[in-house]
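# Inside the fold
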Amino acid sequence: MKHHFHILMLSLVLCLTACHSNNTASSGGSANRSPQIPLIPSTIPEIPLSPAKPAITSLIMLGGEQSIAPNTTSQLYAAIQFNNDHIKNVTDKVTWVSSDPSVATISSSGLVKGLKQGKTTIGALYSGLPSNTQDLVISPIQSIQIVNGDHGTPPKEKDFLMLKNSKKQIRIMATLANKATIDISDKVSWYDKDKKIATVDKNGLITAVSAGTTLIIATIKIDSAYYIHTQMQIHIPPSDVDYLTIYGDDGIYKSIKTPTQLVCLLTMNGNQIVDVTKYAYWTSSNTNIASVDKNGLVTGKKAGSTVIWCVFDGISIVHQILFTNPKVVSIKLYDGNQLIKNNPVGPILNNTTQTINLVTSINYPFDINGRGISNNGFYPTAWAVFDDGTKENITKYTSWWSSDQKKVYLNYLKGPYLFGRKLAQNVLITASFAGHSASFNVDVEDAHTEKLASIRIYMADGTEISKGITRDSGTKIRLHAIGYYPNSMQKKITSNILYSTNDPSKAIILNDLNPNVLYFTGVNGSTTMTASWQGVKKTFTVTSK
């Protein structure tokens, strides 16, 4: 700002001086008048110079392959680097050079094309500045192979199992005469035999259209009379997927090198099961502990824990395995700190109505939200006894079975958790681990042999409606009911309650999307609502305003 001010003042003084001289000459003033000397500031401002342009330090060649086949191409790029570390793409501004144009040529845009078997060196020049060079081998294609586009591994068979409306990316890898492998997916021609079943685009993306079996073919031209092709079958079942399940031995093995076979099963439409083991992608979360091959065969390497993943068509399932060196002698089951012998540990009290109503409404073979779980169940634990005398809790690695899930239910998500569904005796519960098993019997008794004593009604937020409730017309409130018994037992009986009102114009119970919804209708006033079950009634006043 100071510099600008000085420049402005200097200009103004010079301008005034010039004007004064002109005026003096034109007016013919006295020659004896002393001329006025303009004032010059003592400090002359510095005028900033333009910054120096960054200097080019090097020309860099990027990209490309070390080997390509005749009649195939590879893209190279060129960039100049400045002394300020900035980089600029100059691919189309350099002069490209091939040391042997009879083996491979390179266009002005950096596209290398292989012509015949041999070796050449590729380089570039920019204003006389040479780039780094790259040796390129031109070698003929010996074979081509299909690989999975998502993880780059060859399929186990030359066929794929796909689900209807799903997509799968595949690529084609070529093996050259010099043993190098290159991706030629963008250089092959793709064909789909039956577009009504599956289609493939120019990039190798397969789309499953409808149920059936068809062929997808990839072809590459080697010379004027020679082609190489590969093909795969696409199988599309006529059902939609529900979930994946892994079966197989888990736990601690006598030898960490003893392999165990895992099987991946696909469940469709609730009951159709397809073995997708050979179509799935298998991987281990810790290959230092155990590896898994392409067929689901797991081999332990050293003591520790790993997770085996099975991935099929975008759906995944995990299976945890624990490996250790000591040999398992036996397993023992406990209820808390008490050893469970092979006799009933029950009785497990049963809440028949609530459990059946909830369990029949879910899609999985376990209660995924923990609904319908009786408070009178228990958590068994499993311990492995080793040949060195040590013990270890192996509950989460153990496989559990109930001889009758309809009577005694095992909730695997809760660790496992046992609870009764129906009255039963001697339901066998078995736990298996590393080739050993232990079992015990369970009895199921009715928790509510005594007569229902009273009913209480609650709103969704847990507030009890003891005598009455008042709300604006049009309000809807979800109601819950709890039954109380003389033995201090409680039971949720929401789905069992029957409601009645003496004036439906003021309030009614709706049972559409959500059951037991109290609706305050448009007419102001009060009515009496009655909730009843097993001869016991609860009345309360409902007022609409």
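Now for a quick tour of the structure. Model, not experiment: these values are computed from the prediction.

Further remarks concern the state of the cysteines. For the structure on display, the rule yields 1 disulfide. Here Cys264 connects covalently by a disulfide to Cys310, the sulfurs 2.4 Å from one another. Negative torsions about the S-S bond denote left-handed disulfides, and the value of about -100° found for Cys264 with Cys310 makes this one left-handed. Here the residue Cys264 occupies a position in strand β22 (residues 263-268), and Cys310 occupies one in strand β27 (residues 304-312), the gap between them amounting to 46 residues. Its relative accessible area of 0% is what places Cys264 among the buried residues.

A probe matching the size of a water molecule, rolled over the atoms, marks out where space remains unfilled. Inspection of the entire model under this criterion finds 1 cavity of 30 Å³ or more. Taken as a whole, the largest cavity holds about 40 Å³ of empty space. Lining the largest cavity we find Gly64, Glu65, Ser74, Leu76, Val112, Ile122, Gln134 and Leu136. Every element with two or more residues in the lining of the largest cavity is listed here: β3 (73-82) and β10 (134-138).

Its location among the elements puts Leu129 in strand β9 (residues 129-130). A C-alpha to C-alpha distance of 9.6 Å links Leu129 and Ile80, two positions 49 residues apart in sequence. Each residue touching Leu129, except ones within four places of it in the same chain, is listed here: Ile56, Ser58, Leu59 and Ala124.

Now for the sheet that holds strand β21 (residues 260-261). As summarised here, the arrangement of the 3 strands in space is β21-β26-β25, forming an open sheet in which the pairing is antiparallel. Both outer strands of the open sheet, β21 and β25 (290-292), are each paired with one neighbouring strand and no more.

As a further point, take the pattern of salt bridges. Scanning the entire structure with this criterion turns up 6 salt bridges. Here Asp92 makes a salt bridge to Lys93, at a shortest N to O gap of 3.6 Å. Across the pair, exposure class does not vary: Asp92 and Lys93 are exposed alike. Residue Asp472 is joined to Lys545 by a salt bridge in which the shortest nitrogen-to-oxygen separation is 4.0 Å. Remark: Lys545 occurs in the segment after β47 (536-544) and Asp472 occurs in the loop between β40 (468-471) and β41 (476-484); sequence separation between them is 73 residues. Note on Asp472: relative accessible area 45%, which makes it partly exposed.

With that settled, the discussion passes to the side chain of Lys538. Among the structural elements, Lys538 can be located in strand β47. No salt bridge is formed by the buried Lys538. Its closest oppositely charged neighbour is Glu464, at 5.1 Å. At 2.6 Å, the side chain of Lys538 and the backbone oxygen of Ser466 are in polar contact. Those residues within four positions of Lys538 in sequence are excluded, and the remaining contacts are Ile455, Ile457, Ile465, Ser466, Met529, Thr530 and Ala531.

So, about the pairing of strand β46 (residues 525-533). Bridging between strand β43 (residues 498-501) and β46 involves 4 bridges; their strand directions are antiparallel. Each residue of the ladder has a partner; that of Thr501, found in β46, is Met529. The hairpin formed by β46 and β47 contains 2 residues between the paired strands, and Gln534 there has a positive phi angle of roughly 55°.

Our focus in this paragraph is the sheet that holds strand β30 (residues 338-339). Strand order across the open sheet formed by 4 strands is β30-β29-β32-β33, with antiparallel pairing between neighbours. At either margin of the open sheet sits one strand with a lone partner, and together these are β30 and β33 (391-393). Summarising the sheet, strand β32 (residues 380-386) and β33 pair through 3 bridges and their orientation is antiparallel. Residue Ala384 lies in a different strand from β33, and its bridge partner there is Glu392.

Analysis parameters
Residues numbered from 1 in each chain as written. Predicted model: local features only at pLDDT ≥ 70, side-chain atom pairs only at ≥ 80, totals over all residues. Heavy atoms only, no water. Disulfide = S-S within 2.5 Å. Helix = DSSP H or I, 4+ residues; strand = E, 2+ residues; numbered from the N terminus. Buried < 20%, exposed > 50% of the residue type's maximum accessible area, 1.4 Å probe, protein only. 1 Å grid on protein atoms, 1.4 Å probe; cavity = no way out; pocket = protein on both sides within 12 Å on 5 of 7 lines; lining within 4 Å. Points joined across faces, edges and corners; volume = space filled by probe spheres on them. Contact = heavy atoms within 4.5 Å. Pairing = 2+ DSSP bridges. Salt bridge = Lys/Arg side-chain N within 4 Å of Asp/Glu carboxyl O. Lys, Arg positive; Asp, Glu negative; His and termini not counted. Polar contact = N/O pair within 3.5 Å; in protein donor to acceptor, adjacent residues only side chain to side chain.

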